[in-house]
Amino acid sequence: MPIASLAKVTASPAAAVGDFEVRVPYIYRAGPVSNRVCFRNYRWRSYGAHSARNELPKTHVLGSVTDVSVDNSVENTYFPKGDSWAVHKFGGTCVGTSQRIKNVADVVIKDDSERKLAVVSAMSKVTDMMYDLIDRAQSRDDSYLSALDAVLEKHRATACDLLDGEELESFLARLHDDINNLKAMLRAIYIAGHATESFSDFVVGHGELWSAQMLAAVVRKSGLECKWMDTREVLVVNPTSSNQVDPDFLESDRRLEKWFSRHQSKIIIATGFIASTPQNIPTTLKRDGSDFSAAIMGALLRCGQVTIWTDVDGVYSADPRKVSEAVILKTLSYQEAWEMSYFGANVLHPRTIIPVMKYDIPIVIRNIFNPSVPGTMICRQAEDEDGYKLEAPVKGFATIDNLALVNVEGTGMAGVPGTASTIFSTVKDVGANVIMISQASSEHSVCFAVPEKEVKAVSKALHSRFRQALDAGRLSQIEIIPNCSILAAVGQKMASTPGVSATLFNALAKANINIRAIAQGCSEFNITVVIKREDCVRALRAVHSRFYLSRTTLAMGIIGPGLIGGTLLDQLRDQAAVLKEEFNIDLRVLGITGSSKMLLSEKGIDLSRWRELLKEEGEPANLEKLAHHVKGNHFIPNSVLVDCTADADIASCYYDWLRKGIHLITPNKKANSGPLDQYLKIRALQRKSYTHYFYEATVGAGLPIISTLRGLLETGDKILRIEGIFSGTLSYLFNNFVGNRRFSEVVAEAKQAGFTEPDPRDDLSGTDVARKVIILGRESGLKLDLDGLPVQSLVPEPLKACVSAEEFMQKLPDFDEDLSKQRQEAEAAGDVLRYVGVVNAMEKTGKVELKRYKKDHPFAQLSGADNIIAFTTTRYKDQPLIVRGPGAGAQVTAGGIFSDILQLASYLGAPS
């Protein structure tokens, strides 16, 4: 007789004085071959209303008064164990509807194992509905009756859709009996205004009873023999003080053999979640205990494999809701799965792994809605496809949110035995759960993490316990740090693999994330860090990306979509797919702003239509909003702004952006050649933080000028002199200023070809070259300033005041004679004219001038608009190091910026 149908209750009206009885069934083991199904009768005594407010009666449990037994004698038969058994577990979503129950039945039927046992949860949401019934009843809310009717109707409708004939009639009869018994039980709870744990466990376990019976009936419809098991008759557990239970494997094994002797079948459908105490009182394995049930049954059967069917494809390397590029892990060791489940990963009930580890029974996590995916196998030793042990030290990452860090600190703690014991016994007394502990070897401080909802009680208890030590100064403080999260990296042999911790911390540092506390046990299976809650998702993305489990993703904002910025965006568009597939780099442009309009996107702008989208959907430009948007995207750990303008006002924002943890890339020379104090402030900030600032394109467009200079300095070389033709425009002008050609003629030709600025005076003034000299001088360690740099301007003094470029071009031919004369004198001496910038590191000076070079000099060999730079150093003293190539044009400048972006990605973890 099913236990669920045995509860009976009699009661008088709620407001009356009287006694109330409820009969709770349990199984009594009378002898080696028989069980007795007994009723334990509990009686309440009501003292009726006792105040003018007509309150419901108070009740008291008087105790057990009767035992009534029913004998069911059986004979032992052979009970097979071993690999012939396959155990499946189906969660609530797997049996959430009639169609899903049919799908589960198909999985069980098609499994070609010799013997099969399926453990099922209650239908989706039913366990919550059952707990709600208890809450309503003990709150004396009459709506528990209508809520119970909803439970009845859900299962009645499902059964009618699945079953017919005698199977349907039999199930509905049992269902109505159970509902009537529950109604009586809930009535007693309603009267008492309280539900004991035993009564609650008895009520909530019915969902599993019903789903198991329906699934067994559906399997039988296919013509196969199938029995359903009420696991309260088999599983025996001992409740602990920590809201957990410990299985009694010896007694459970005996009861399983006895059950099988009465219900022999090669297909068994068992209830998950529910069990009995040694006193045969119904109980549960607590929340999410169906996985635990399956593992216990697998261990009792010594089965070949336990398959956990759920609604995900397997165990992910990180929460896919937070890390979209998280991957399914093919294998995990028992210890890795244990650690990940402890730290909140949606893997398994944390205790599920314990029973199967003893017998090396693998657990496979699979998706009932996508059975073609093999899922994740959890086993003794994870192996790859070729049978070799996996070497990857980190398998995945998990997080726990809503924590607070408690720091107990003081010099009086050092060397005093029992301080830590006192701290944690105090925490235990208030019932708080310690998630992580970190203590320095100096014993000067102990910090630990607890759930934020428990931290007030912990703080109050610690202050009370250590009041004397605080007043005496032996303890300096008990500090509470709220709004924390834990990030755990999990993997076998992490501690014995050099560089894992360094890589983890480096990834967090480069994402500008501060670590509040660290813990790593000698088990070598996890490294745990405490960080700010607001940084949690960004930190998860950063470390996941760094260990090559996902793409290195950059959130980008482009400032200035003009000629250079627009060309860069087109280059990004054309190269995006290749970068993702071949280099694991995902460049997402989240914002584009011009001087008047701005376009923002949460996931990334479609770069094939960015011009059209900016025009049609753009909003008013706002640099502060752009920076906040790019930095504030918590799903992408690294953010970068690319300034493609020549605007000094935008350059003035660099320090603030870098201080906020936004990386910066620019061809804009205004910051590095501007006021010296501003430059020094930016560089000081950059050096002491992990925020990167790249500006290769400020000097040589796409040429590696800055990187070459840094390479020389970082390897210990000493700069003596830097000399070069830094302007592509001026290079073109003097390469073509030959023979009988007039200078004004060459300038007009260059302007027509687009080689000059709209106003050629911007090029001829030498200011652009001067800025490059300043930048290179400062990179070399000189404190040069633009105002004090001698610059030979090629703009005739009278023409500096011209109102427009057109007026300047009209009057320029009048001043050709001076430059023509200089050219003739140079040619007569076998020289050429070149407009150069010079950094004299020995004299700590710089200058910009028109200079003569012999025709065999490298500077005389240029053609077109090429740039050339010569580095004279202690290593390259007799033969300078030459860098030569195109130094102007939108394509090469955008290419230089693009190169800096990829350099940044490399620093942040992309494969080099």
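Residues numbered from 1 in each chain as written. Predicted model: local features only at pLDDT ≥ 70, side-chain atom pairs only at ≥ 80, totals over all residues. Heavy atoms only, no water.

Draft legend 1. Inspection of helix α6 (residues 206-221) at higher detail. Along its 16 residues, α6 runs 23 Å from first to last C-alpha, staying within 8% of the 22 Å computed at 1.5 Å per residue. Of all 16 residues making up α6, 14 are buried, and the element is well covered by its neighbours. Gly 223 occupies a position one or two residues after α6 and carries a positive phi of about 100°. (Helix = DSSP H or I, 4+ residues; strand = E, 2+ residues; numbered from the N terminus. Expected span 1.5 Å × (residues − 1). Buried < 20%, exposed > 50% of the residue type's maximum accessible area, 1.4 Å probe, protein only.)

Draft legend 2. Inspection of the layout of surface pockets at higher detail. Empty space within the second largest pocket amounts to approximately 990 Å³. Looking at the second largest pocket, it is lined by 36 residues, and the ones nearest its centre are Ile 564, Lys 669, Glu 757, Asp 763 and Asp 768. Elements with a contribution of two residues or more to the lining of the second largest pocket: α16 (563-583), α23 (697-700), α25 (728-736), α27 (761-764), α28 (767-779) and α31 (890-907). Element by element, the count of residues in the lining of the second largest pocket is highest for α28, at four residues. Residues belonging to the lining of the second largest pocket are distributed by class as follows: 14 nonpolar, 13 polar and nine charged. (1 Å grid on protein atoms, 1.4 Å probe; cavity = no way out; pocket = protein on both sides within 12 Å on 5 of 7 lines; lining within 4 Å. Points joined across faces, edges and corners; volume = space filled by probe spheres on them. Nonpolar A, V, L, I, M, F, W, Y, C, P; charged D, E, K, R; others polar.)

Draft legend 3. Representation of the side chain of Lys 669 in the model. Residue placement: Lys 669 occurs in the loop between β28 (663-665) and α21 (670-673). For Lys 669, a relative accessible area of 18% puts it in the buried group. In contact with Lys 669, other than residues within four places in its own chain, are Gly 674, Thr 698, Asp 768, Arg 771, Lys 772 and Ile 775. (Contact = heavy atoms within 4.5 Å.)

Draft legend 4. Molecular detail of the environment of Ala 826. With respect to the helices and strands, Ala 826 occurs in helix α30 (residues 816-828). Overall, the relative accessible area of 0% leaves Ala 826 in the buried class. Beyond its immediate sequence surroundings of up to four residues, Ala 826 is in contact with Asp 831, Val 832, Leu 833 and Arg 852.

Draft legend 5. Fine view of α28. The end-to-end C-alpha distance of α28, which contains 13 residues, comes to 18 Å, matching closely the 18 Å that a straight helix rising 1.5 Å per residue would cover. By the criterion of burial, α28 is predominantly enclosed, with eleven of the 13 residues buried. Turning to α28, its buried residues number three or more, namely Val 769, Ala 770, Arg 771, Lys 772, Val 773, Ile 774, Ile 775, Leu 776, Gly 777, Arg 778 and Glu 779. Backbone geometry just after α28 places Gly 781 at a positive phi near 100°.

Draft legend 6. Molecular detail of the nonpolar core. Ranked by size, the top nonpolar core spans 67 residues in total, and within it Tyr 654, Trp 657, Ile 722, Leu 733, Phe 734, Phe 743 and Leu 776 carry the most contacts. The element that contributes the greatest number of residues to this core is α28, accounting for six residues. In this structure, Leu 733 is in contact with Phe 743, Val 746, Val 747, Ala 750 and Leu 764, ignoring residues within four places of it in sequence. Val 151, Leu 182, Val 204 and Ile 368 belong to the second largest nonpolar core, which has 56 residues in total. (Core = buried A, V, L, I, M, F, W, Y, C linked by side-chain atoms within 4.5 Å.)

Draft legend 7. Inspection of the packing of aromatic side chains at higher detail. What the rule picks out here adds up to 14 aromatic pairs. The interplanar angle of 80° and the centroid separation of 6.4 Å between the aromatic rings of Trp 85 and Phe 260 together place this pair among those described as edge-to-face. Taken together, the residues span a long stretch of sequence, with Trp 85 in strand β5 (residues 85-90) and Phe 260 in helix α7 (residues 249-262) at a distance of 175 residues. Both residues of the pair, Trp 85 and Phe 260, count as buried. Through pairs of rings, three or more aromatic residues link up here, namely Tyr 654, Trp 657, Tyr 693 and Tyr 695. (Phe/Tyr/Trp six-rings, centres within 6.5 Å; stacked < 30°, edge-to-face > 60°.)

Draft legend 8. Representation of the pattern of salt bridges in the model. Under the counting rule described, the total for this entry stands at 46 salt bridges. The partner of Arg 255 in a salt bridge is Glu 251, and the shortest N-O contact between them spans 3.0 Å. Taken as a pair, Arg 255 and Glu 251 lie in helix α7 at a separation of four residues, close to a single helical turn. The two residues Arg 255 and Glu 251 agree in class, both being buried. (Salt bridge = Lys/Arg side-chain N within 4 Å of Asp/Glu carboxyl O.)

Draft legend 9. Quick look at the pairing of strand β33 (residues 866-873). Counted residue by residue, β33 has eight buried out of eight residues, so it is predominantly covered. Judged by which residues are buried, β33 turns out to be covered on both faces: Asp 866, Ile 868, Ala 870 and Thr 872 on one side and Asn 867, Ile 869, Phe 871 and Thr 873 on the other are all buried. As judged from the six bridges shared by strand β30 (residues 719-725) and β33, these two strands associate in the antiparallel manner. Paired with Ile 719 across the bridge in β33 is Thr 873. (Pairing = 2+ DSSP bridges.)

Draft legend 10. Looking closely at the sheet that holds strand β24 (residues 585-593). Spatial strand order, β26-β25-β24-β23-β27-β28-β29: seven strands in an open sheet with mixed pairing. Edge positions in the sheet fall to β26 (619-620) and β29 (693-694), since each of these pairs with one other strand and no more. Summarising the sheet, strand β23 (residues 552-559) and β24 pair through eight bridges and their orientation is parallel. Residue pairing across strands places Thr 552 opposite Ile 585, the latter belonging to β24. Helix-sheet contacts for helix α17 (residues 610-617) involve β24, β25 (597-600) and β26, and the interaxial angle to β25 is about 115°. (Axes fitted to C-alpha atoms, helices over the stretch in contact; angles between N-to-C directions.)

Draft legend 11. Focus on unusual backbone geometry. With a phi close to 60°, Arg 140 is a non-glycine residue in the positive phi region. Tracing the backbone shows Arg 140 in the loop between α2 (126-138) and α3 (144-162). On the basis of relative accessible area, Arg 140 is assigned to the partly exposed category, the value being 26%. Positive phi values are uncommon outside glycine, yet Asp 360 reaches one of about 55°. With respect to the helices, strands and loops of the structure, Asp 360 is situated in the loop between α10 (353-357) and β15 (363-367). Take Asp 360: its relative accessible area is 43%, and that puts it in the partly exposed class.

Draft legend 12. Inspection of the sheet that holds strand β34 (residues 881-886) at higher detail. In space, the five strands of this open sheet follow the order β32-β31-β30-β33-β34, with antiparallel pairing throughout. The two strands at the open ends of the sheet, each matched to only one other strand, are β32 (845-854) and β34. Direction aside, neighbouring strands of the sheet carry axes that sit 20° apart on average. Examined bridge by bridge, β30 and strand β31 (residues 831-840) share four bridges and lie antiparallel to one another. Following the sheet pairing, Arg 721 is matched in β31 by Asn 840.

Draft legend 13. A look at the packing of helix α24 (residues 705-714) against α28. Interaxial distance between α24 and α28 falls to 10 Å at its minimum, and their mutual angle equals 20°. Viewed along their axes, α24 and α28 adopt a mutual orientation that is roughly parallel. In the packing of α24 onto α28, the handedness of the crossing is right-handed. Contact residues: Ile 705, Ile 706, Leu 709, Arg 710 and Leu 713 in α24; Ile 775, Leu 776 and Glu 779 in α28. Across the contact of α24 with α28, the residue classes break down as six nonpolar, no polar and two charged. (Parallel < 35°, antiparallel > 145°, perpendicular 65-115°, else oblique. Left-handed = near helix turned anticlockwise from the far one by under 90°.)

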